[in-house]
Amino acid sequence: MATTSTTPAVPLDFSPTPHFSRPTFLMCPPQFYDVDYVINPWMAGNLHRPSRDVAFTQWNSLYEHLKTIADVRLLHARADSPDMVFVAHAALVHHGIAAISSFAYAQRQPEEQYLRDWFKEAGFLLWDTPRETSFEGEGDVLFDPEGKRLWAAHGVRTCLHSHRHVADAWHTEVVSLHLMDPRFYHLDTCFAPLAGGYLLYYPGAFDVESLRKIEEAYPVEKRIAVTEQEATHFACNVINIGQNILMHTASNSELPDRLMDLGFDVTQLVLTEFLKGGGSAKSLALRLSDMNVTNGL
Ligand code: ARG
């Protein structure tokens, strides 16, 4: 008979092999990127619409900008995985432990083994999640900037039952949030803890109980709520390292100014081809270093 252990397998004194003294990310080039199927509302109507050449130029611009503020490792793209460019959803990494995703849709499941192989080779400790409790990496589970607490979403892709299992990889506290709107199917489309204790979020994506948890953790002066129009331009799907923010160009939005008034250095990039697949800046880079490794910026 199968037994469920309540004792986490990773020892508390585990000391990780990979050590990062600079913010370090993993990216995967869009060599085979396309919208080949529909697994989120953004992909509907965009089948085979992204231009691979334009996608490459846009991805490269993000890569070059990210390289000025972080180290970036590269993962080989695979022909059977057109969504692999959105590498942030394939794992959640902290303290040398990589919790490998268990994708909800079969179309993305081949990515799991590619990531498992890469992390193994790079010396990370692997943490697997059972297939029946889906978990989509940094897409749905995010550390706060101190690396002390996990925010985990359920309701669309990631299953509530995976939250505790994933948190056990780091023996950490986990706060579950319920996503209510299929357009914001991953936590990273509507929720971004930022440096300085700020939170960028779209309140309309959450149920009342989740909003209460968010408001309890972030005082009103630290909450940066975006409008529905901004949220649908992936305004929350940003990469934040210290004071630097990389995001998709927010036309007709005061958000970049609001962020700059709070002391952030905002770089806007055109990422339209990736919006067709349902993702933006944050989804294109997976963090390998711990949240508190910030470059001192
Ligand atoms: N097509 C990918 C998927 O549906 C896109 C992922 C982008 N996700 C995001 N969190 N923005 O899985």
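Residues numbered from 1 in each chain as written. Predicted model: local features only at pLDDT ≥ 70, side-chain atom pairs only at ≥ 80, totals over all residues. Heavy atoms only, no water.

- As recorded in an unreviewed UniProt entry, the protein chain goes by the name N-dimethylarginine dimethylaminohydrolase, listed as coming from Granulicella arctica.
- The UniProt entry for the protein chain carries the following text under Sequence similarities (unreviewed entry): "Belongs to the DDAH family." (UniProt positions renumbered as here; feature names shortened; annotations may be inferred.)

**Here we look at the sheet that holds strand β12 (residues 239-241)**
No. 1: Here three strands make up an open sheet; going across it, the order is β12-β13-β14 and the pairing mixed. Bordering the open sheet on either side are β12 and β14 (265-269), each of which pairs with just one other strand. Ignoring strand direction, the axes of neighbouring strands in this sheet form an average angle of 15 degrees.
No. 2: Inspection of the sheet shows strand β13 (residues 244-248) paired to β14 by five bridges, in the parallel sense. Bridge pairing in β14 links N244 to D265. (Pairing = 2+ DSSP bridges. Helix = DSSP H or I, 4+ residues; strand = E, 2+ residues; numbered from the N terminus. Axes fitted to C-alpha atoms, helices over the stretch in contact; angles between N-to-C directions.)

**Observations concerning unusual backbone geometry**
No. 1: For H48, which is not glycine, the phi dihedral falls at a positive 55 degrees.
No. 2: Tracing the backbone shows H48 in the loop between β1 (24-27) and α1 (52-69).
No. 3: Although it is not a glycine, H171 sits at a positive phi angle of roughly 55 degrees.
No. 4: In this structure, H171 sits in the loop between α4 (160-168) and β8 (173-178).
No. 5: For H171, a relative accessible area of 32% translates into the label partly exposed. (Buried < 20%, exposed > 50% of the residue type's maximum accessible area, 1.4 Å probe, protein only.)

**Notes on the site of the ligand**
No. 1: Around the ligand lies a shell of 18 residues, among which N40, R108, R157, D188 and G278 are the nearest.
No. 2: N40 is positioned with one of its side-chain polar atoms (N or O) 2.8 Å from an oxygen atom of the ligand.
No. 3: Interatomic distance of 2.9 Å between a side-chain N/O atom of H186 and a nitrogen atom of the ligand.
No. 4: Contact with the protein chains covers 100% of the free accessible surface of the ligand, which is 340 Å².
No. 5: Among the detected pockets, the ligand sits in the largest cavity.
No. 6: Each residue belonging to the shell around the ligand can be placed in one class, and the counts come to five nonpolar, nine polar and four charged. (Near = heavy atom within 4 Å. Polar contact = N/O pair within 3.5 Å; in protein donor to acceptor, adjacent residues only side chain to side chain. Areas by Shrake-Rupley, 256 points an atom, 1.4 Å probe, with all protein chains shown as cover. 1 Å grid on protein atoms, 1.4 Å probe; cavity = no way out; pocket = protein on both sides within 12 Å on 5 of 7 lines; lining within 4 Å. Sits in = over half its atoms within 2 Å of the grid points. Nonpolar A, V, L, I, M, F, W, Y, C, P; charged D, E, K, R; others polar.)

**Brief notes about the nonpolar core**
No. 1: Within the largest apolar cluster, 35 residues are counted, with the highest numbers of intra-cluster contacts made by L187, F191, L194, L200, F206, I214 and L259.
No. 2: Listing elements by their share of this core, those giving two or more residues are β7 (149-154), β8, β9 (191-193), β10 (199-201), α5 (208-217), β13 and α7 (255-261).
No. 3: Ranked by residue count, the leading element in this core is β10, at three residues. (Core = buried A, V, L, I, M, F, W, Y, C linked by side-chain atoms within 4.5 Å.)

**Overview of α4**
No. 1: For α4, the set of buried residues is S162, H163, V166, A167 and D168.
No. 2: Considering only its buried residues, α4 is in contact with β3 (91-94), β5 (125-127), β6 (141-143), β7 and β8. (Contact = heavy atoms within 4.5 Å.)

**Some thoughts on the sheet that holds β3**
No. 1: Taken in spatial order, the three strands line up as β3-β4-β5 in an open sheet, and their pairing is mixed. Whereas interior strands pair on both sides, the edge strands pair on one side only; in this sheet they are β3 and β5. Between one strand axis and the next, the sheet turns by 20 degrees as a mean value, whatever way the strands run.
No. 2: Strand direction decides the pairing type here: β3 and strand β4 (residues 97-100), joined by four bridges, are antiparallel. Each residue of the ladder has a partner; that of V93, found in β4, is A98.

**Remarks on the pairing of β7**
No. 1: With five of its six residues buried, β7 lies for the most part within the structure.
No. 2: In this sheet, β7 lies alongside β6 in antiparallel orientation, the contact comprising three bridges. Directly across from V141, in β7, lies its bridge partner A152.
No. 3: As consecutive antiparallel partners, β6 and β7 are separated by five residues, and within that stretch G147 has a phi angle of approximately 70 degrees, a positive value.
No. 4: With respect to chirality, the unit in which β7 leads through α4 into the neighbouring parallel β8 is right-handed. (Right-handed = clockwise from strand over helix to strand, strands pointing away.)

**A short note on the layout of surface pockets**
No. 1: In this model, the largest pocket occupies a volume close to 430 Å³.
No. 2: Lining of the largest pocket is provided by 29 residues; of these, F143, P193, N240, R287 and M291 occupy positions nearest its centre.
No. 3: The set of elements that each furnish at least two residues to the lining of the largest pocket consists of β3, β6, β9 and β12. (Points joined across faces, edges and corners; volume = space filled by probe spheres on them.)

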